[in-house]
Amino acid sequence: MMDRRHLFEVEALKPKSTSATLRRLWGYFGGRRGLLLAVLALALISAWTQVLAPDLIGQTVDCYLIPATQSAASQAGGVMQGAAEAAGSNCWYTDADASRARDEALAGVGEIVLLLIGLFVLGAVTTGLQFNLMRWAGLHVLRDLRLEIFRQVHRLSLGYYAKHEAGDIMSRMTNDTDTLQQALSFALVQVVRGALLIVWLTFVMFRRSVPFALIAMVTVPFMVLATVWFSQQARKAFRRARREIGGVNADLQENIAGVREAQAFTREDENIARFRESNAANRDANIKAVAYTSALMPALEALGYIAIAIVAGVGGIVMLRDQDLLGTTISLGLIITFVSYSQQFNQPIQLIATLWTNIQSAIAGTERIFEFLDEQPDVTDKPGAREMPPIEGRVELRDVWMSYNEDEPVLRGVSLSAQPGETIAIVGPTGAGKTTIINLLPRFYDVDSGAVLIDGIDVRDVTAASLRQQIGLVLQDTFLFSEPVMENIRYGRPDATDDEVIAAAKLAHADDFIRSLPEGYQTVLGERGSGLSQGQRQLIAIARAALANPRLLILDEATSSVDTRTERLIQQALEKLLQGRTSFVIAHRLSTIRNAAQVYVIADGEIVEHGTHAELLARKGFYYDLYMSQFRRDVPEPEHAASD
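The rules behind each value
Residue indices begin from 1 for each chain and proceed along its sequence in written order. Given that the model is predicted, a residue must reach a pLDDT of at least 70 before its local features are reported, and side-chain atom pairs must reach 80 or more before they are shown or counted; all residues, however, enter totals for whole chains, interfaces and linings. Water and hydrogen atoms were dropped before computing side-chain values, which therefore reflect all heavy atoms in the structure. Working convention: axes come from line fits to C-alpha atoms, limited for helices to the stretch in contact. Angles between N-to-C directions cover 0 to 180 degrees. A run of H or I in DSSP becomes a helix once it reaches four residues, and a run of E becomes a strand once it reaches two; helices and strands are each numbered from the N terminus. Working definition: roughly parallel below 35 degrees, roughly antiparallel above 145 degrees, roughly perpendicular at 65 to 115 degrees, and oblique for all remaining angles. Crossing chirality is assigned from the near helix's rotation relative to the far helix, an anticlockwise turn below a right angle marking it left-handed and a clockwise turn marking it right-handed. The contact criterion used is simple: two residues touch if any of their non-hydrogen atoms lie within 4.5 Å. All residues other than Ala, Val, Leu, Ile, Met, Phe, Trp, Tyr, Cys, Pro, Asp, Glu, Lys and Arg, Gly among them, are scored as polar; the first ten of these are nonpolar and the last four charged. Here, strands pair whenever DSSP counts at least two bridges between them. What a helix should span is 1.5 Å times the count of its residues minus one. The seven residues ending at a residue and the seven starting there each receive a fitted axis; the angle between those axes is the bend at that residue. Nine residue types can take part in a nonpolar core, namely buried Ala, Val, Leu, Ile, Met, Phe, Trp, Tyr and Cys, and a core is a set of them joined through side-chain atoms within 4.5 Å. Think of it in three bands: residues with accessible area under 20% of the maximum for their type are buried, residues over 50% are exposed, and the middle band is partly exposed, with areas taken using a 1.4 Å probe on protein chains only. Salt bridges are defined as contacts in which a side-chain nitrogen from Lys or Arg sits within 4 Å of a carboxyl oxygen from Asp or Glu. Think of pLDDT as the predictor's per-residue confidence, scored from 0 to 100. To count toward a patch, a residue needs a relative accessible area above 30% and no salt bridge. Like charges then connect within 9 Å, nonpolar side chains (Val, Leu, Ile, Met, Phe, Trp, Tyr) within 5 Å. Only the protein chains shown count as cover for residues, and all accessible areas are computed by the Shrake-Rupley method using a 1.4 Å probe. Centres within 6.5 Å make a pair out of two Phe, Tyr or Trp rings, where for Trp the six-membered ring is used; the pair is then stacked when the planes are under 30 degrees apart, edge-to-face when over 60, and tilted otherwise. Placement of a positive charge over a ring is assigned whenever Lys NZ or Arg CZ falls within 6 Å of the ring centre and within 35 degrees of the normal to the ring plane.

Draft legend 1. Looking closely at the packing of helix α17 (residues 498–507) against helix α19 (residues 534–548). Packing of α17 against α19 leaves a shortest axis separation of 8 Å and a crossing angle of 125°. Taken together, the axis directions place α17 and α19 in an arrangement best described as oblique. As α17 packs across α19, the resulting crossing turns out to be right-handed. Mapping the contact onto sequence places E500, V501, A504, A505 and L507 in α17 and A543, A546 and L547 in α19. The residue makeup of the contact of α17 with α19, split by class, is seven nonpolar, no polar and one charged.

Following this line, the structure appears as structure tokens:
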């Protein structure tokens, strides 16, 4: 079992480029970039409604409420009279008029209230449109990403899946894309909207009063420093969390697939303990990430309240002393306006800081997605590769060396050949390299040196798809899809008619048991063909290969899981199926390969013997020992066996 912790630590060391990740993600918006411009325009309108509201509230105080109470202010004298004069000097919405009647002031206040309501409604509508448009565009981007991940799953070579866990790959398609979806649908809009609001508020505050604007923004540098530091730490933690959730999914997928083995060997407690470790690691990584996120908000909130207190305190002191502030006349409305500005200015900073950690998590997930998409298959079509012509069936392995891991060769100078229509048997002990040989024929792997030739053509010179279309494969571990039996047999030849499917099933002697299923050929199978015996699954796989009508057929223990009677029937069917086709057969039951044209015996990655069944028995070598170990009780004297 692979060391998942080691893989995650190695992944953590890989350098990441946030800007490159974001640029690449931007490319996925393609023709939907116009929607993003619309979202930006709506964000500008929404920010404008929020910026205008505090100014209107301040103008209400200075232009209506204070003038309406000037008579009371005159009686009070001093400070209130100065405040009234300051209010008039700052009034832009309408002229301050000390003689304005109270009912006219109320009418003016009513107009501003209606205007504020209109602004808030407009802001709500534009905000809703922003989220809907962004969600629509984001979902289409995620659809494209998931489709590309799925294509990559089919594009990568088998060697990749031998080194990586399916659960972690699934986590990239589900959990990581879900995190990105949340960022695109909500967080990104809020961050853009908040950033625009900050820029607009900064402009308006400096336009109204440079000194007051500087006072209101005195805590901003500290907010920026806190946000940068906390975001950096949170991003590291979120990266770790994304990797750990991949480990949790990998453990879960592996244990679901192996639940029968776990129960058979009573390994439930050990598996639960192992899952507890990976689940705890995921918990700890998320707690660390949330800790940074949670600590940032109180810090920013405290700095925001400090800014409000400074604005109110300085403004109140200056107004009470009937002074100006570096040339700016202070009024009660102006103080209220800047207090509101400070609140609005601090809120988007806090919101951006909070959501930025979510965006950091989404960036970490996006990096993992692109990391998977950037994986290159070990087997690729070389430039200018041509289509494989119709296979006649002449196969040759010429001095083939092959290894899965560097400096650990699995095949050592293997050479063998087959003529059209011949059946070639490959036998040997477990781990000798039999399956590796047949994996080279459809080019699931490439040789390190030497060549695999079919009809004199190096398989590396043709496209893999055109080669594999003419090769049929029946493996010991049969994989069936969660689809009707009819579609499982038709899998290798989608255009086959129902009659052709049934004929192939009859050839494989699968028709009888298929018709006994609840819905016959339309019975939907469970995952990996659950509900069928291993022998029944192999019969369906043989029918699938027969229907595909391949020119080259590979059978890897194709009859190992059927009873003796069914095996005889399959052998009869295979005799018909193999007529005119070259076939390679791997078999532990050596009795099934007596009629092979050539038997190649492999041990430790090397061909140690080859010849016919009778010739090898007569030599009394490696093959003889294998044969006698299986059929010691049934095999007559060697002389008779040799003539068998």
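After that view of the structure, there is still more to cover.
Draft legend 2. How the structure looks around the sheet that holds strand β7 (residues 457–458). Within the open sheet, the four strands sit side by side as β4-β3-β6-β7. Their pairing is antiparallel. This sheet does not close on itself; its edge strands, each paired only once, are β4 (408–418) and β7.

Draft legend 3. Up close: helix α8 (residues 166–208). Between its first and last C-alpha atoms α8 spans 60 Å; for 43 residues at 1.5 Å apiece the expected length is 63 Å, and the two agree. When the local axis directions of α8 are compared, the greatest deviation, roughly 45°, occurs at L184.

Draft legend 4. Broad picture of the nonpolar core. In terms of nonpolar packing, the biggest core is built from 60 residues, with L145, M205, F338, F345 and L373 touching the most fellow members. Counting residues per element, the ones that place at least two in this core are α3 (33–68), α6 (102–155), α8, α9 (210–216), α10 (220–257), α12 (268–320) and α13 (332–373). For this core, the element with the most residues is α13, which contributes 16 residues. Every residue in contact with F338, bar those within four places of it in the chain, is listed here: M205, R208, S209, F212, A213, A216 and V311. Counting 45 residues, the second-largest nonpolar core is a separate cluster that includes V501, Y521, I542 and L574.

Draft legend 5. Focus on the pattern of salt bridges. In this structure the tally under the stated criterion is 16 salt bridges. R24 is the salt-bridge partner of D374, the closest N and O atoms lying 2.9 Å from each other. Taken as a pair, D374 in the loop between α13 and β3 (395–405) and R24 in helix α2 (residues 18–27) lie far apart in primary sequence, 350 residues in all. A relative accessible area of 30% means that R24 is categorised as partly exposed. A salt bridge links D144 to R143; the nearest nitrogen and oxygen atoms lie 3.1 Å apart. Via salt bridges that share partners, D381, R443 and D446 belong to a single interconnected network.

Draft legend 6. Seen up close, the sheet that holds strand β11 (residues 598–603). Spatially, six strands are ordered β8-β9-β10-β5-β11-β12 in an open sheet, and the strand pairing comes out mixed. The open sheet terminates on both sides in strands that have one partner only, identified here as β8 (471–474) and β12 (606–611). Direction aside, the axes of adjacent strands within the sheet are offset by 15° on average.

Draft legend 7. Inspection of the side chain of N439 at higher detail. Mapped onto the fold, N439 is located in helix α14 (residues 434–440). Looking at N439, the relative accessible area reads 15%, which means it is buried. With near-sequence residues (within four places) excluded, N439 lies in contact with Y404, F444 and Y445.

Draft legend 8. A look at the confidence of the model for the protein. On average, residues of the protein carry a pLDDT of 76, and 79% of them reach 70 or more. The low-confidence segment residues 71–90, where pLDDT is below 50, has 24 contacts with residues more than four positions distant or belonging to other chains.

Draft legend 9. Region of the structure containing α19. In a regular helix each residue adds 1.5 Å, so 15 residues correspond to 21 Å; α19 covers 21 Å between its end C-alpha atoms and thus fits that length. Burial analysis of α19 places twelve of its 15 residues in the buried class, which makes it a mostly covered element. What α19 keeps buried is the set G535, R537, Q538, L539, I540, A541, I542, A543, R544, A545, A546 and L547. Following α19 by one or two positions, N549 adopts a phi angle in the positive range, close to 55°.

Draft legend 10. Structural view of a nonpolar patch on the surface. Taken together, V113, L114, I117, V121, V125 and L129 make up a surface patch of nonpolar side chains, about 530 Å² in accessible area. I117 gets classed as partly exposed once you look at its relative accessible area, which sits at 46%.

Draft legend 11. The arrangement of the pairing of strand β6 (residues 449–454) in detail. Where β3 and β6 come together, five bridges link them in antiparallel fashion. Residue R398 lies in a different strand from β6, and its bridge partner there is A451. Taken together, the two bridges between β6 and β7 define a ladder with antiparallel strand orientation. Within β7, the position partnered with L453 by the bridge is D458. Counting the residues between successive antiparallel strands, the hairpin from β6 to β7 contains two residues, one of them, D455, with a positive phi of roughly 55°.

Draft legend 12. Examining the packing of aromatic side chains more closely. Within the structure shown, the criterion is met by six aromatic pairs. Seen from their ring centres, W26 and F29 are 6.0 Å apart, and the 40° between their planes marks the pair as tilted. On the accessibility criterion, W26 (40% relative accessible area) is partly exposed. Residue placement shows R24 over the ring face of F370; its charged tip is 4.2 Å from the ring centre.

Draft legend 13. Layout of unusual backbone geometry. Notably, H509 is not glycine yet its phi reads approximately 60°, a positive angle. Position of H509 among the secondary structure elements: in the loop between α17 and α18 (511–515). Despite not being glycine, N549 shows a phi value in the positive range, around 55°.

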